[in-house]
2 protein chains.
Amino acid sequence: MAEPLDPEMFDPVCPSSAMPIQIGDKWTAMVVICLESGPRRFTELRVPLRGITPKVLTQTLRAMERDGLVTRTAYDENPPRVEYELTDLGRTLLTLIDAARAWSRDHLPALLEARERHETTPRPALLRAGEPSRPGTAASTHLHRQ
Amino acid sequence: MAEPLDPEMFDPVCPSSAMPIQIGDKWTAMVVICLESGPRRFTELRVPLRGITPKVLTQTLRAMERDGLVTRTAYDENPPRVEYELTDLGRTLLTLIDAARAWSRDHLPALLEARERHETTPRPALLRAGEPSRPGTAASTHLHRQ
DNA sequence: CCGTATCCTAAGTGATACTG
DNA sequence: CAGTATCACTTAGGATACGG
């Protein structure tokens, strides 16, 4: 059918050769989207990220700052004011995130439908060799006999 | 500067409105890439995914099957043979993954450089109001005085 | 306002051994 | 070959309270 797979296809040190890890966590992509329209303050970011605790938001922003995705600017005022802004590097993530959102818009319904179909199906005949193969079902697991 | 952020910007139930979660885990994207060239057997997949344990590969494939991304076909032979193949839905992930890999190729070096610069910097003057602002450093945190 | 400090849970991942 | 069964471990994430 095809050649054998390359054993060194993926970098064992950095699997992000397949997907950049720094946007793989729960919040980073959403923070990038929130900063698309300009610099935002800490509390301002907490509004759309409903439920995020200050600790987790701080963690996320610190990691993004470390990776050169955002800058942090503290104004010496009272009460204090801090603004976060996308760097040029951080802004390059926007096209990638847009692509992901487009995928979700176009294909997530099909995925969720498949998931629901899978849950409602009692059992999809998982390699149980004594049973008939029931080729008419919508199960994603198939049995082939020689 | 900009309008206030929409508090309902993200779906609290499904944050994948920002990034589809099913490719956010460690292995799914790599499995999709491995299956791009055609159906593969369980052991065949373990080769490029160096270090993956059978338990984790099974978990990953079961979840992908549940979500309609792959099909599982068991042949009633001895020794047993099972093949996994991308569905049409799973194949749509390829363009998204390619975009992510292109981003990594183009921008990951800059990110890693920023990270290293951040580690070698002793301390980036974090809002410590008594100290001078040192505007010449490459730190991503800035201090502004009125 | 913008965080830190603790404590905690749940999930993802991994090592090892065993089975149809 | 293609898994399952345990056990252990790490970390992201969250709850709550407090501090400059």
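Preceding this paragraph is the structure being described.
The rules we used
- Residues numbered from 1 in each chain as written.
- Chains lettered and ligands numbered in written order.
- Predicted model: local features only at pLDDT ≥ 70, side-chain atom pairs only at ≥ 80, totals over all residues.
- Heavy atoms only, no water.
- Contact = heavy atoms within 4.5 Å.
- Buried area = accessible area lost by both parts, 1.4 Å probe.
- Salt bridge = Lys/Arg side-chain N within 4 Å of Asp/Glu carboxyl O.
- Polar contact = N/O pair within 3.5 Å; in protein donor to acceptor, adjacent residues only side chain to side chain.
- Helix = DSSP H or I, 4+ residues; strand = E, 2+ residues; numbered from the N terminus.
- Nonpolar A, V, L, I, M, F, W, Y, C, P; charged D, E, K, R; others polar.
- Pairing = 2+ DSSP bridges.
- Buried < 20%, exposed > 50% of the residue type's maximum accessible area, 1.4 Å probe, protein only.
- Near = heavy atom within 4 Å.
- Axes fitted to C-alpha atoms, helices over the stretch in contact; angles between N-to-C directions.

A.B. asks: Before we move on, could you go through the interface of chain A and chain B and cite the residues and values that matter?
C.D. replies: Taken residue by residue, the interface counts 76 residues in chain A and 75 residues in chain B. For the pair chain A and chain B, the summed buried surface comes to about 6800 Å²; carbon and sulfur atoms form 64% of the total. Summed over the three residues of chain A that lose the most area to chain B, namely Leu 5, Phe 10 and Trp 103 of chain A, the buried surface amounts to 10% of that side. Between the two partners, chain A and chain B, sit two salt bridges. Residues Arg 115 of chain B and Asp 67 of chain A are paired through a salt bridge, measuring 2.8 Å at the closest nitrogen-oxygen approach. Viewed at the interface, chain B and chain A are joined by 18 residue pairs in polar contact (both at pLDDT 80 or more). Of all the elements in the fold, those that place two or more residues in the side of chain A that touches chain B are α1 (28–35), α2 (42–46), α3 (54–66), β2 (70–75), α4 (88–120) and β4 (141–144) of chain A. For the side of chain A that touches chain B, the leading source of residues is α4 of chain A, giving 17 residues. Split into classes, the residues belonging to the side of chain A that touches chain B amount to 42 nonpolar, 17 polar and 17 charged. Note that β4 of chain A and strand β2 (residues 70–75) of chain B share four bridges and pair parallel.

A.B. asks: Give me helix α1 (residues 28–35) of chain B: which residues, what numbers.
C.D. replies: For α1 of chain B, a buried count of eight out of eight residues is recorded, marking the element as mostly surrounded by other parts of the structure. Those residues of α1 of chain B lying buried are Thr 28, Ala 29, Met 30, Val 31, Val 32, Ile 33, Cys 34 and Leu 35 of chain B.

A.B. asks: Tell me about the protein's contact with DNA strand C, residues and numbers included.
C.D. replies: Taken together, 19 residues lie near DNA strand C, and Thr 43, Arg 72 and Tyr 84 of chain A together with Lys 26 and Lys 55 of chain B sit nearest. What you see for DNA strand C is that sugar and phosphate hold 64% of its atoms within 4 Å of the protein. Interatomic distance of 3.1 Å between a side-chain N/O atom of Arg 62 of chain A and a phosphate oxygen of DNA strand C. In this structure, Lys 26 of chain B approaches DNA strand C through a side-chain N or O atom, which is 2.7 Å from a phosphate oxygen. Grouping the constituent residues of the surface near DNA strand C by class yields eight nonpolar, four polar and seven charged.

A.B. asks: Give me the lowdown on the sheet that holds β4 of chain A, citing residues and values where you can.
C.D. replies: Strand order in the open sheet formed by four strands is β4(A)-β2(B)-β3(B)-β1(B), and the pairing between neighbours is mixed. Strands at the two margins of the open sheet, each flanked by one partner only, are β4 of chain A together with β1 (40–41) of chain B. Summarising the sheet, β1 of chain B and strand β3 (residues 81–86) of chain B pair through two bridges and their orientation is antiparallel. Bridging across to β3 of chain B, Arg 40 of chain B finds its partner in Tyr 84 of chain B. Strand contacts of helix α3 (residues 54–66) of chain B: β4 of chain A together with β2 and β3 of chain B, with the helix running at about 115° to β2 of chain B, the strand carrying the most contacts.

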